[in-house]
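Observations on chain architecture
Here is what each chain is made of, one letter per residue.
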Amino acid sequence: MATAPTLPHPDLHDHKKYFFQHLGLNERLLERCLGEALSAGGDFADLYFEAVTSTSLGMDEGIVKTASQGISVGCGVRVLSGERTGFAYTDDLSPERLLRAARTAALIASGPQTERVQGFVNSQPRPSLYPIAGLTVDAEVSAKIKLITRADKAARDFDPRITQVRCGINDELRRILIAASDGTFAADTQPLARFNVFVIAREAKEGLASHNTAKGTSGGGGRVTLEFFEGPKSPEHFAREAARTAILQLGAVAAPAGEMPVVLGPGWPGVLLHEAVGHGLEADFNRKKTSAFAGLIGQQVASSKVTVVDNGTMPGRRGSLNVDDEGNATQETVLIENGILRGYLSDKLSSRLMGMPNTGSGRRESYQAIPMPRMTNTYMLNGDDDPGDILRSVKRGLYAVNFGGGQVDITNGKFVFTASEAYLIEDGVVTAPVKGATLVGNGPEALKYVSMVGNDLALDEGIGTCGKAGQSVPVGVGMPTVKLDRMTVGGTGR
């Protein structure tokens, strides 16, 4: 297999050096590009340089069937003039192409010139939230093949009914440099890795020629080195979890239907919070008044037991960043406090137009995309209730431990989620696993029915990817065990 060139490691104390020493940039060129970007008028301009090295390996039926390595380098130039945005990008970092992209963005957002380029101010570095040494992208392909081979074997050994296994590892090293007309001058080096396992279980139906089948998935990772997968979150851990879920579903009964109490388990069920509530708290939706939370700051939007934060400063987490994609340090932002809406997630544009603080939430998929307010790691804080007491308080209901796909309408907060692992609760006891359960509701309304919040906050394993306006970015979610007194459950059982 051909090997892509390896990008050299940056100086850990100065992420900018890579762009200057290996890509030929210099401060004078950046100043010229920003000057061109503002030459036709504008309030603000920024340059976003990005260099990404990525690898991907996939195993199916015990054979490595997919393997790829790649490098992407480019620059996006943005100009803001009021609410107008001019944007152009190039994968050629020669001075001529950079200046041409800057002029193109300037013309798109043309208006009376109102801003001059300020001298660059180096961002104040803080201790990095993620390691650089021992990066997964630098590891030998053979070491990664051993990991996915271990997962394949562990899944098959779990139960003879596991008939198909797919597993893979994906990782990247992303280097960014941001220079802006307001003096912003920041850079970062961001690792990211994810391990995935998918299995299918099958057993013959008694007296029938057909088979009962079920699937299971698991995975995890974060902004980590390859050594992460040699600890508790090993290939065997993810493989057994995927296999366990699949085998469990073989014996599941049809989910009940109707309105009933629902208990959400800790960890990944926080994806419901992310989709049903988090997107509605991003500032651009509220600036355009298309969010169900528009104009509600200071008002009660949830049960007094609910406090929701977005925190981009958690070491090693998939959604964490030293700086966002506009060069601002990430932070912990309280969105809902004891049921009261306290604020939104904002980027530079929303902050300027709405007169609100910048929360360091400007994110973009790549240099080919404009930044927008996005979540990082979004979760509900611990409460005071014992998780066992929460389950014992339910006479008849649903315990949703894990989720698959879901959809939400930002304008009204309505959502539909599919539970990939759920159980009946009968007289306070968790009983039979169920299949085909969906949760239907309205985000702002659902939070008002939260009556108990556990003391067992957990974050997801490191698998979250969030989509918005065609852009995908890595995120984290989490929550403790939570009881909602009322929620509509879709199912085919009684």
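Residues numbered from 1 in each chain as written. Predicted model: local features only at pLDDT ≥ 70, side-chain atom pairs only at ≥ 80, totals over all residues. Heavy atoms only, no water.

1. Some thoughts on the overall build of the protein
What the protein contains, in helices and strands, is 10 helices and 25 strands. Expressed as lengths along the three principal axes of its C-alpha atoms, the size of the protein is roughly 75 × 60 × 40 Å. A burial count over the protein gives 54% of its 494 residues as buried. Here the analysis covers contacts within the protein between residues at least 6 apart in sequence; of these, 75% occur between residues at least 24 apart. A total of about 20,000 Å² of accessible surface is found on the protein, and carbon and sulfur atoms cover 51% of it. Here the protein carries 51 positive and 55 negative side-chain charges, and the mean point of each set is 3 Å from the other. (Helix = DSSP H or I, 4+ residues; strand = E, 2+ residues; numbered from the N terminus. Buried < 20%, exposed > 50% of the residue type's maximum accessible area, 1.4 Å probe, protein only. Contact = heavy atoms within 4.5 Å. Areas by Shrake-Rupley, 256 points an atom, 1.4 Å probe, with all protein chains shown as cover. Lys, Arg positive; Asp, Glu negative; His and termini not counted. Charge placed at Lys NZ, Arg CZ, Asp CG, Glu CD.)

2. Description of unusual backbone geometry
One non-glycine residue with positive phi stands out, namely Asn338, at about 50°. Structurally, the position occupied by Asn338 is in the loop between β11 (332–337) and β12 (340–341). Judged by its relative accessible area of 45%, Asn338 is partly exposed. One non-glycine residue with positive phi stands out, namely Asp427, at about 50°. Judged by its relative accessible area of 56%, Asp427 falls in the exposed class.

3. Comments concerning the packing of aromatic side chains
One pass over the structure, following the stated rule, counts 10 aromatic pairs. With a centroid separation of 6.1 Å and 20° between ring planes, the pair formed by Phe195 and Phe238 is classed as stacked. With Phe195 in strand β6 (residues 184–204) and Phe238 in helix α5 (residues 235–250), this residue pair connects regions lying 43 residues apart in the sequence. Ring centres of Phe415 and Phe417 lie 5.7 Å apart, and the angle between their planes is 55°; on these two criteria the pair is classed as tilted. Of the two residues, Phe415 and Phe417, both sit in the buried class. Through a chain of ring-to-ring contacts, the aromatic side chains of Phe195, Phe228, Phe229 and Phe238 assemble into a single cluster. Across the ring face of Phe185, the terminal group of Lys16 is positioned such that the distance to the ring centre comes to 5.1 Å. One Lys or Arg, Arg175, reaches over the ring of Tyr18 and ends 4.6 Å from the middle of that ring. (Phe/Tyr/Trp six-rings, centres within 6.5 Å; stacked < 30°, edge-to-face > 60°. Lys NZ or Arg CZ within 6 Å of the ring centre and 35° of its normal.)

4. Some words on the nonpolar core
Counting 46 residues, the largest nonpolar core has Ile336, Leu398, Phe403 and Leu439 as the members making the most contacts within it. Those residues in contact with Ile336 that sit more than four places away from it in its chain are Val277, Leu281, Val301, Ala302, Val306, Thr307, Val308, Leu341, Arg342 and Leu447. (Core = buried A, V, L, I, M, F, W, Y, C linked by side-chain atoms within 4.5 Å.)

5. Some remarks on empty space enclosed by the protein
For the coordinates displayed, the defined rule picks out 3 cavities of 30 Å³ or more. Of the voids in this model, the largest cavity is the one considered here, and its volume is about 90 Å³. In this structure, the largest cavity is lined by 13 residues; those nearest its centre are Leu264, Leu272, Leu447, Met479 and Leu484. Looking at the lining of the largest cavity, the elements that each hand over two or more residues are α6 (270–278), α10 (443–448) and β25 (482–490). Its residues placed into classes, the lining of the largest cavity shows 12 nonpolar, 1 polar and no charged. (1 Å grid on protein atoms, 1.4 Å probe; cavity = no way out; pocket = protein on both sides within 12 Å on 5 of 7 lines; lining within 4 Å. Points joined across faces, edges and corners; volume = space filled by probe spheres on them. Nonpolar A, V, L, I, M, F, W, Y, C, P; charged D, E, K, R; others polar.)

6. A short note on the confidence of the model for the protein
Averaged over every residue, the pLDDT of the protein is 91; residues scoring 70 or more account for 91%. Every residue in residues 1–13 scores below 50 in pLDDT, and together they form 23 contacts with partners more than four places removed in sequence or on other chains. (pLDDT = per-residue confidence, 0-100.)

7. Observations concerning the side chain of Asp460
Considering the arrangement of structural elements, one finds Asp460 in the loop between β21 (458–459) and β22 (465–468). Take Asp460: its relative accessible area is 3%, and that puts it in the buried class. Not counting chain neighbours up to four residues away, the residues in contact with Asp460 comprise Gly267, Trp268, Arg317, Gly476 and Val477.

8. Details of the sheet that holds β21
With respect to topology, 6 strands assemble into an open sheet ordered β12-β11-β10-β15-β24-β21, the strand pairing being mixed. Edge positions in the sheet fall to β12 and β21, since each has one partner strand and no second. In terms of strand pairing, β21 meets strand β24 (residues 476–479) through 2 bridges, oriented antiparallel. Its bridge partner lying in β24, Ala458 is registered against Met479. (Pairing = 2+ DSSP bridges.)

9. Structural notes on the packing of helix α4 (residues 141–158) against α5
Packed helices, taken two at a time, are described by the angle between their axes plus the distance between the axes. Close contact between α4 and α5 brings their axes to 8 Å; oriented N to C, the two are set at 35°. Regarding α4 and α5, the two cross each other, and that crossing is right-handed. Across the interface between the two elements, Leu147, Arg150, Ala151, Ala154, Ala155 and Phe158 of α4 pack against Pro235, Glu236, Ala239, Arg240, Ala243, Arg244 and Ile247 of α5. Counted by class, the contact of α4 with α5 contains 9 nonpolar, no polar and 4 charged residues. (Axes fitted to C-alpha atoms, helices over the stretch in contact; angles between N-to-C directions. Left-handed = near helix turned anticlockwise from the far one by under 90°.)

10. Let's talk about helix α2 (residues 27–37)
Helical periodicity: at 3.6 residues per turn, an α-helix aligns residues three or four positions apart in one direction. Residues Leu29, Leu30, Cys33, Leu34 and Ala37 constitute the buried set of α2. Considered in projection along α2, the buried side chains sweep an arc of 135° and stay on one side of the axis. Contact partners of the buried residues in α2: α1 (16–22), β1 (44–60), β2 (63–81), α3 (95–108), β5 (162–180) and β6. At the N-terminal end of α2, a side-chain oxygen is found 3.1 Å from the backbone nitrogen of Arg28, two or three residues along, and the residue is Asn26. (Arc of directions from axis to C-beta. Polar contact = N/O pair within 3.5 Å; in protein donor to acceptor, adjacent residues only side chain to side chain.)

11. Here's the deal with the pattern of salt bridges
Tallied over the full model, the rule gives 29 salt bridges. A single salt-bridge network, built from bridges that share partners, covers Asp46, Arg78 and Glu326. (Salt bridge = Lys/Arg side-chain N within 4 Å of Asp/Glu carboxyl O.)

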